[in-house]
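# What the coordinates show
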Amino acid sequence: MYTGFKHLHSGLAYLLLLALIIAVFYAIASRNKPFTSGSKKIALLGLVCAHLQFVAGLVLYFLSPLGLSNFSGEAMKAKDLRLYIIEHPLMMLIAVVLITIGYSRMKRLGTDSKKYKSIIVFYGIGLLFILSMIPWKVWP
Ligand code: HEM
Ligand code: HEM
């Protein structure tokens, strides 16, 4: 179980980064063009990858020896351990919430340029948060 979810979480990370980068750059390149159903699908792909990765991470948090079972005052003092207990999960949660808000606003907003802007800003900040908390020492 643990190994399976660890591989899933590790593999989905590639997919999520790729989907977010495509969504942000596509929105930047198209921002003065009409917002089509294709534009929405590209944003949706980023959202779905983010939600999937979040759920995989949440499951992993309960399975991994670096997750909840490692929660202690001692581990909090160790930089590398604290990353997995608190910093990584919390920052990723904020990032996924931002991406979801960006998608939700995109659906509601009236003009095409505002829709693109919602993706650029919210997906963009979400992507930066994700990049900031990936454990680069062990991944890719
Ligand atoms: C949504 C964006 C997220 C991304 C892009 C992401 C990415 C990653 C990556 C690349 C790794 C390293 C995997 C490896 O060693 O091969 C990792 C590990 C881990 N992540 Fe995430 N993660 C995300 C969200 C979460 C969330 C929300 C949680 C928990 C609630 C979580 C919990 C963990 C844990 C516990 C590990 C350590 C697994 C282990 O080595 O035992 N992740 N994550
Ligand atoms: C902890 C688990 C999850 C939570 C809390 C969550 C939350 C949400 C929320 C709040 C929205 C609404 C966004 C909007 O306003 O349009 C949403 C949309 C969506 N979620 Fe999740 N989600 C979760 C897991 C997943 C998973 C595992 C998938 C599987 C692929 C998924 C796929 C989607 C899709 C496709 C939409 C967009 C629906 C649309 O087109 O409007 N979610 N989710």
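Basis of the calculations
- Residues numbered from 1 in each chain as written.
- Chains lettered and ligands numbered in written order.
- Predicted model: local features only at pLDDT ≥ 70, side-chain atom pairs only at ≥ 80, totals over all residues.
- Heavy atoms only, no water.
- Donors = N, O, S within 2.8 Å, 3.2 Å for Na, K, Ca; no water.
- Tetrahedral: all angles 85-135°; square planar, octahedral: opposite > 155°, others 65-115°.
- Helix = DSSP H or I, 4+ residues; strand = E, 2+ residues; numbered from the N terminus.
- Buried < 20%, exposed > 50% of the residue type's maximum accessible area, 1.4 Å probe, protein only.
- Axes fitted to C-alpha atoms, helices over the stretch in contact; angles between N-to-C directions.
- Parallel < 35°, antiparallel > 145°, perpendicular 65-115°, else oblique.
- Left-handed = near helix turned anticlockwise from the far one by under 90°.
- Nonpolar A, V, L, I, M, F, W, Y, C, P; charged D, E, K, R; others polar.
- Contact = heavy atoms within 4.5 Å.
- Near = heavy atom within 4 Å.
- Polar contact = N/O pair within 3.5 Å; in protein donor to acceptor, adjacent residues only side chain to side chain.
- Phe/Tyr/Trp six-rings, centres within 6.5 Å; stacked < 30°, edge-to-face > 60°.
- Lys NZ or Arg CZ within 6 Å of the ring centre and 35° of its normal.

### Some points on the coordination of the iron atom of ligand 1
Each donor-metal-donor angle in an ideal tetrahedron of four donors is 109.5 degrees, and each such angle in an ideal octahedron of six donors is either 90 or 180 degrees. Looking at the iron atom of ligand 1, the protein donor atoms are His9 (NE2) and His88 (NE2), and they sit 2.0 Å from it. Coordination at the iron atom of ligand 1 is octahedral, judged from the six donor atoms that bind it and the angles of 84 to 179° they form at the metal. In this pair, His9 sits in helix 1 (residues 2–30) while His88 sits in helix 4 (residues 79–108), placing the two residues 79 residues apart along the sequence. Per residue, the accessibility class of His9 equals that of His88, and both read buried.

### Details of the packing of helix 1 against helix 2 (residues 37–63)
It is at 8 Å that the axes of helix 1 and helix 2 come closest, and there the two elements cross at 155°. The angle between helix 1 and helix 2 falls in the class roughly antiparallel. Both helix 1 and helix 2 take part in a crossing whose hand is left-handed. Of the residues assigned to the contact of helix 1 with helix 2, the class counts are 21 nonpolar, five polar and one charged.

### Observations regarding the environment of Leu47
Checked against the element boundaries, Leu47 lands in helix 2. In this structure Leu47 comes out as buried when scored by relative accessible area, which is 9%. With near-sequence residues (within four places) excluded, Leu47 lies in contact with Ile99, Thr100, Tyr103 and Tyr123.

### As for the site of ligand 1
Neighbouring ligand 1 are 23 residues; Tyr2, His9, Ser10, Ser64 and His88 lie closest to it. Between a nitrogen atom of ligand 1 and a side-chain N or O atom of His9, the distance comes to 2.7 Å. For the shell around ligand 1, the secondary structure elements donating two or more residues are helix 1, helix 2 and helix 4. Along the lines of polarity and charge, the residues of the shell around ligand 1 split into 16 nonpolar, six polar and one charged.

### Re the packing of aromatic side chains
The final tally for this structure, using the stated rule, is four aromatic pairs. Aromatic ring contacts, followed pair by pair, group Tyr14, Trp136 and Trp139 into a single cluster. Above the ring of Phe35, the side-chain terminus of Lys115 is found at 5.6 Å from the ring centroid.

### Examining the site of ligand 2
Around ligand 2 sit Leu44, Leu47, Val48, His51, Leu52, Phe54, Val55, Thr100, Tyr103, Ser104 and Lys107, and that is every residue in its neighbourhood. In the model, a nitrogen atom of ligand 2 is placed 2.9 Å from a nitrogen or oxygen of the His51 side chain. The separation between an oxygen atom of ligand 2 and a polar side-chain atom of Lys107 is 2.8 Å. Contributing elements (two or more residues each) for the shell around ligand 2: helix 2 and helix 4. Among the elements that take part in the shell around ligand 2, helix 2 stands out by supplying seven residues, more than any other. Residue classes in the shell around ligand 2 are distributed as seven nonpolar, three polar and one charged.

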